[in-house]
Number of protein chains: 2
Amino acid sequence: MAYATIRDVARLAGVSVSTVSRALNTKGRISEHTKLVVEQAMKELGYIPDSRAQAMRSSKTGTVGLLVPDIRNPYFADLAYTIQDALFGAGYCTFIGTSSENADQQDSFIMSILSQRIDGAILVPQGGDSHALRLLIGRKLPLVFVDRQVEGLDTIPVVDSDPIPGLTEALEDIRAHGCSKVGYVSGPVLESPTLQEREYVFRELAAMAFGEDHVFVESTGFDQSSCVSVLRRMRRAGVGAVIFGYSPDAVRAVSLMHDNGIRVGLDISIVSFDDLEMFRLTSPHISVISQQVRRIGAIGAQTFLDMVVGHGAAGSHRVETTYIPRESVGRMR
Amino acid sequence: MAYATIRDVARLAGVSVSTVSRALNTKGRISEHTKLVVEQAMKELGYIPDSRAQAMRSSKTGTVGLLVPDIRNPYFADLAYTIQDALFGAGYCTFIGTSSENADQQDSFIMSILSQRIDGAILVPQGGDSHALRLLIGRKLPLVFVDRQVEGLDTIPVVDSDPIPGLTEALEDIRAHGCSKVGYVSGPVLESPTLQEREYVFRELAAMAFGEDHVFVESTGFDQSSCVSVLRRMRRAGVGAVIFGYSPDAVRAVSLMHDNGIRVGLDISIVSFDDLEMFRLTSPHISVISQQVRRIGAIGAQTFLDMVVGHGAAGSHRVETTYIPRESVGRMR
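Residues numbered from 1 in each chain as written. Chains lettered and ligands numbered in written order. Predicted model: local features only at pLDDT ≥ 70, side-chain atom pairs only at ≥ 80, totals over all residues. Heavy atoms only, no water.

1. Looking at the nonpolar core
Convention followed: To qualify as a nonpolar core, a set must consist of buried Ala, Val, Leu, Ile, Met, Phe, Trp, Tyr and Cys residues joined through side-chain atoms within 4.5 Å. We call a residue buried when its accessible area falls under 20% of the maximum for its residue type, exposed when it is over 50%, and partly exposed in between, using a 1.4 Å probe and counting protein chains only. We call two residues in contact whenever any of their non-hydrogen atoms come within 4.5 Å of each other.
Membership of the largest hydrophobic core comes to 98 residues, with the highest contact counts inside it found for Leu87 and Ile122 of chain A together with Leu87 and Ile122 of chain B. Setting aside residues no more than four positions away along its own chain, Leu87 of chain B makes contact with Val64, Tyr92, Thr94, Ile122, Ala301, Phe304 and Leu305 of chain B.

2. What about the pattern of salt bridges?
Residues and elements named next belong to chain A. As a reminder of what qualifies: A carboxyl oxygen of Asp or Glu within 4 Å of a side-chain nitrogen of Lys or Arg is what we treat as a salt bridge. Helix and strand definitions here come from DSSP, where helices need a minimum of 4 consecutive H or I residues and strands a minimum of 2 consecutive E residues; each element is numbered from the N-terminal end.
For the structure shown, the criterion picks out 28 salt bridges over all chains. Measuring nitrogen to oxygen at the nearest pair gives 2.8 Å for the salt bridge that ties Arg318 to Glu197. In this pair, Arg318 sits in strand β11 (residues 317-320) while Glu197 sits in helix α9 (residues 193-210), placing the two residues 121 residues apart along the sequence. On the accessibility criterion, Arg318 (37% relative accessible area) is partly exposed. Linking Arg326 and Asp275 is a salt bridge whose minimum nitrogen-to-oxygen distance equals 3.0 Å.

3. A word on unusual backbone geometry
For the bond running from Ser283 of chain A to Pro284 of chain A, omega is 0 degrees, close enough to zero to count as cis. Relative to the assigned elements, Pro284 of chain A resides in the loop between β9 (269-273) and β10 (287-290). For Gln292 of chain A, which is not a glycine, the phi torsion comes out positive at approximately 55 degrees. The residue Gln292 of chain A is located in the loop between β10 and α12 (293-308) in this model. The partly exposed category is assigned to Gln292 of chain A, whose relative accessible area is 25%. Notably, Asp147 of chain B is not glycine yet its phi reads approximately 75 degrees, a positive angle. Considering the arrangement of structural elements, one finds Asp147 of chain B in the loop between β4 (143-146) and β5 (158-162).

4. Topic: the sheet that holds strand β8 (residues 241-244) of chain A
All names here are of chain A. Short version of the rule: Pairing between strands requires that DSSP locate at least two bridges from one strand to the other. For helices, the fitted line uses only the C-alpha atoms of the stretch in contact; every axis is such a line through C-alpha atoms, and the angle between N-to-C directions lies from 0 to 180 degrees.
One open sheet accounts for six strands, arranged β7-β6-β8-β9-β10-β12; its pairing is mixed. On the outer flanks of this sheet lie β7 (215-218) and β12 (322-324), each paired with one strand and no other. Averaged over all adjacent pairs, the angle separating strand axes in this sheet is 20 degrees, with direction ignored. As defined by bridge partners, strand β6 (residues 182-185) adjoins β8 across four bridges and the pair is classed as parallel. The residue of β8 that forms the bridge with Tyr184 is Ile243.

5. Considerations on the sheet that holds strand β10 (residues 287-290) of chain B
Residue and element names in this part refer to chain B. Here six strands make up an open sheet; going across it, the order is β7-β6-β8-β9-β10-β12 and the pairing mixed. The open sheet has two edge strands, β7 (215-218) and β12 (322-324), and neither has a second partner. On average, adjacent strands in this sheet sit at an angle of 20 degrees to one another, irrespective of strand direction.

6. Focus: the interface of chain A and chain B
You'll often see interface size given as the accessible area lost when the parts meet. Short version of the rule: Take the accessible area each of two parts loses on contact, using a 1.4 Å probe, and add the two losses: that sum is the buried area. Here a polar contact is recorded for every N or O atom pair within 3.5 Å, except that within protein the pair must consist of a potential hydrogen donor and a potential acceptor, and residues adjacent in sequence are included only if both atoms are side-chain atoms. Polar here means any residue other than Ala, Val, Leu, Ile, Met, Phe, Trp, Tyr, Cys and Pro, which are nonpolar, and Asp, Glu, Lys and Arg, which are charged; Gly is therefore polar.
On the chain B side, the residues contacting the 58 residues of chain A number 58 residues. Carbon and sulfur atoms supply 59% of the area that chain A and chain B bury against each other, a total of about 5400 Å² over both sides. The interface formed by chain A and chain B contains zero salt bridges. Viewed at the interface, chain B and chain A are joined by 10 residue pairs in polar contact (both at pLDDT 80 or more). Elements with a minimum of two residues in the side of chain A that touches chain B: α4 (51-58), α5 (74-89), β2 (93-98), α6 (103-115) and α11 (247-259) of chain A. Per element, the largest residue contribution to the side of chain A that touches chain B is eight residues, and it comes from α6 of chain A. Looking at the side of chain A that touches chain B, its residues break down into 24 nonpolar, 20 polar and 14 charged.

7. Thoughts on the state of the cysteines
Note the threshold: What counts as a disulfide here is a pair of cysteine sulfur atoms lying within 2.5 Å.
If you walk through the whole model with that rule in mind, you get zero disulfides over all chains. Cys93 of chain B supplies the cysteine sulfur nearest to Cys93 of chain A, a cysteine that is in no disulfide, at a spacing of 14 Å. The exposure class assigned to Cys93 of chain A is buried, which follows from its relative accessible area of 7%.

8. Digging into helix α11 (residues 247-259) of chain B
Residues and elements named next belong to chain B. Formally: Multiplying one less than the number of residues by 1.5 Å gives the expected span of a helix.
Here α11 contains 13 residues, and its C-alpha end-to-end distance of 19 Å stays within 8% of the 18 Å for a straight helix at 1.5 Å per residue. Regarding α11, the residues found buried are Ser247, Asp249, Ala250, Val251, Ala253, Val254, Ser255, Leu256 and Met257. Phi turns positive, to about 70 degrees, at Gly261, one or two residues after α11.

9. Focus on the domain arrangement of chain A
Residues and elements named next belong to chain A. Rule in force here: Those domain boundaries reflect an automatic or database domain assignment.
Annotation of chain A at the domain level lists domain 1 (6-49), domain 2 (63-159 + 294-318) and domain 3 (162-292). Computed from C-alpha atoms alone, the centre-to-centre distance between domain 2 and domain 3 is 29 Å. Counting residues at the interface gives 13 residues for domain 2 and 15 residues for domain 3. Of the roughly 1100 Å² buried where domain 2 meets domain 3, counting both sides, 48% is carbon and sulfur surface.

10. Quick notes on the relation of the copies chain A and chain B
As a reminder, the rule being used: Least-squares superposition of the copies uses the C-alpha atoms of those residues scoring a pLDDT of at least 70 in each of them.
Taken as rigid bodies, chain A and chain B are interconverted by a rotation of 180 degrees and an axial shift of 0.0 Å, the fit giving an RMSD of 0.2 Å. The symmetry that links the two subunits is that of a two-fold axis. Interface residue correspondence from chain A to chain B reaches 100%, placing this contact among same-surface, isologous pairings.

11. Structural notes on the packing of aromatic side chains
We apply this condition: In summary, the pairing rule links any two rings of Phe, Tyr or Trp, Trp by its six-membered ring, whose centres are within 6.5 Å, and it sorts them by plane angle into stacked for under 30 degrees, edge-to-face for over 60 and tilted for everything else.
All told, the structure shown has nine aromatic pairs over all chains when counted by the stated rule. With 6.3 Å between their ring centres and 85 degrees between their planes, Tyr92 of chain B and Phe304 of chain B make a pair best called edge-to-face. Within this pair, whereas Tyr92 of chain B is found in the loop between α5 (74-89) and β2 (93-98), its partner Phe304 of chain B is found in helix α12 (residues 293-308), the two being separated by 212 residues in sequence. The buried category is assigned to Phe304 of chain B, whose relative accessible area is 0%. Seen in terms of ring centroids, Tyr184 of chain B and Phe202 of chain B are 4.4 Å apart; in terms of plane orientation they differ by 20 degrees. Their pairing is stacked. Here the residue Tyr184 of chain B occupies a position in strand β6 (residues 182-185), and Phe202 of chain B occupies one in helix α9 (residues 193-210), the gap between them amounting to 18 residues. Take Tyr184 of chain B: its relative accessible area is 0%, and that puts it in the buried class. Taken together, the aromatic side chains of Phe95 and Phe109 of chain A together with Phe95 and Phe109 of chain B make up a single cluster linked through ring pairs.

12. Let's talk about the packing of helix α8 (residues 163-176) of chain B against α9 of chain B
Residue and element names in this part refer to chain B. The cut-off we apply is this: Reported orientations rely on four angle classes, namely roughly parallel under 35 degrees, roughly antiparallel over 145, roughly perpendicular from 65 to 115, and oblique for the rest. Working rule for handedness: look at the near helix, and if it is turned counterclockwise from the far one by less than a right angle, call the crossing left-handed; if clockwise, right-handed.
At their nearest, the axes of α8 and α9 sit 10 Å apart, and the two run at 40 degrees to each other. The angle between α8 and α9 falls in the class oblique. Regarding α8 and α9, the two cross each other, and that crossing is right-handed. Residue-level inspection shows Pro163, Ile164, Leu167, Thr168, Leu171, Ile174 and Arg175 of α8 in contact with α9, the latter providing Glu197, Arg198, Val201, Phe202, Leu205, Ala206, Ala209 and Phe210. A breakdown of the residues in the contact of α8 with α9 according to their chemical character gives 11 nonpolar, one polar and three charged.

13. Concerning the confidence of the model for chain A
Which entries qualify depends on this criterion: Per-residue confidence from the predictor is reported as pLDDT, a score between 0 and 100.
When the pLDDT values of chain A are averaged, the result is 87; 91% of them are 70 or greater. Across residues 52-57 of chain A, where pLDDT falls below 50, the model places nine contacts with residues more than four positions away in sequence or in other chains.

14. Looking at helix α3 (residues 32-45) of chain B
All names here are of chain B. Spelled out, the test is: Here the arc refers to the set of directions running from the helix axis out to each C-beta atom.
Along its 14 residues, α3 runs 20 Å from first to last C-alpha, staying within 8% of the 20 Å computed at 1.5 Å per residue. Restricting attention to buried positions, one finds in α3 the residues Thr34, Val38, Ala41 and Met42. Relative to the axis of α3, the buried residues are bounded by an arc of 100 degrees and lie together on one face. In α3, the exposed residues that point more than 90 degrees away from the buried face are Glu32, His33, Leu36, Lys43 and Glu44. Just past α3, the residue Gly46 takes up positive phi, approximately 65 degrees.

Listed below in structure tokens is the structure:
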């Protein structure tokens, strides 16, 4: 735990601490020779100027905190990759933390990055308003929400996706394949205003296209054990196609359907949110509503960078969802 | 960028800076009333004790740097998740960085965490020895390598997997299905000593089991365009089964085989390293050599925690690979 300090550097270089400080600041009078001696001493000791002290001089530490719910979800892995890649290109190092869809874990990450003096943060926020979020906002550091917003914190710019275009096209494709009834599995809506909005938009659009009595929504309790019974119940009700608002549910469903002899695209049609690589590996390939995650990430990073250089108040941005038809939507038998 | 300082707290509480310091340290004489007044002032100002100052008192900041090559690779996402989950349980916040399989990006992450004064680091190291790695080691902080080692840095404990058991069983299964020739696709071996060792072990074991002339290795240039031609070339040579040392190659191959009418398990058998979820979604399911990534992560985190509390020198650990047979290894036609 032996950090070389500015005093160690001064001692080794045989100069005063204030001389080392002048060499670091490249301010004040200091001879080229002395500067070289100090630099040599720093190199020898592996001295790294404290980012705190640097931050006080330059107002920059070059680090950004990025919080995502779960990097095992390929959608969030892609989002985090895109953001850290764009920030690295702009000279920032990204510290990624995960909340495991748990507000306490989010708040713990926020407190950690606050005590480390970062330059700002990009968050996929978890749950509602919190003391830690308020502290972060109170710092007046650049802060951007991506994928989700937080009710009551309307001054923070949000970059997320608009579910309407993709859902509209998916419902049209399902109708064109002869389905008269459509189902929807919502995912963990309690954790995410985005999933709540998606379900709401689905209900509105599907009721218009199919009639209210022909729309079936399963918004809770979709787990390994209930998955097959939910799909069987929907089929018995005459549902020809199911849209999954939360891609991990779709992954689980496709896997269990295979094991239970339910044929995707023949016995029941499937559409999922998020254009995950694995949906192009299954047989048949799965039709998806893409959120264009790389655009969300790129715009999120750019919004953050605009705030850093102080291009005034950054605005929120919605990226259009797009529908990608594949083989998992078939003709009703 | 207005951080509340200990001076702001003292001013608001109407006490001296040293009184605030005593309240923070819970050392020295201080009345309950004064303590409450100070705490109230801290709360009002959103004051967070500087982790640097705390670190100097307690030698702990409660943060760990974790570097992985690419979180879009589900193997590394799983590894990072397991490690940060175990560390969170032990009271640590994990800052995850990615190297994008690029030594410069790794070194930039290391310099960032060094200037932030973290308690230690867990790295999937990138490439060889480097100045940044030497600085990190010079700090004498707890440091663990997972998944890979670095030549010449033999004092750092390494937690990785032993390819021999899984490869041995996979080759036995392939032989039992009537294959007389076997192929191997190595992945980006230049970036990873682990992939180099895997290829070496395959060559040795396969030559023993099939004879040297019946073993085909493709160790470079496996990309989207070459994938199908590599597989066709191997089939023409009479290869009945291909083992993929690097799972992203297998994912790409399965997807392209589907699109090119090459039937997995019928036209050619497939085994991949890493038990990824998507290998259980494909039809047929893919046989895998599991590295038991969660065990690697758990042991990596535990090795780190043992070093933190100073249980002497931590040792390296190899986790056995296991073979999971599925439908992608079929009888040669």
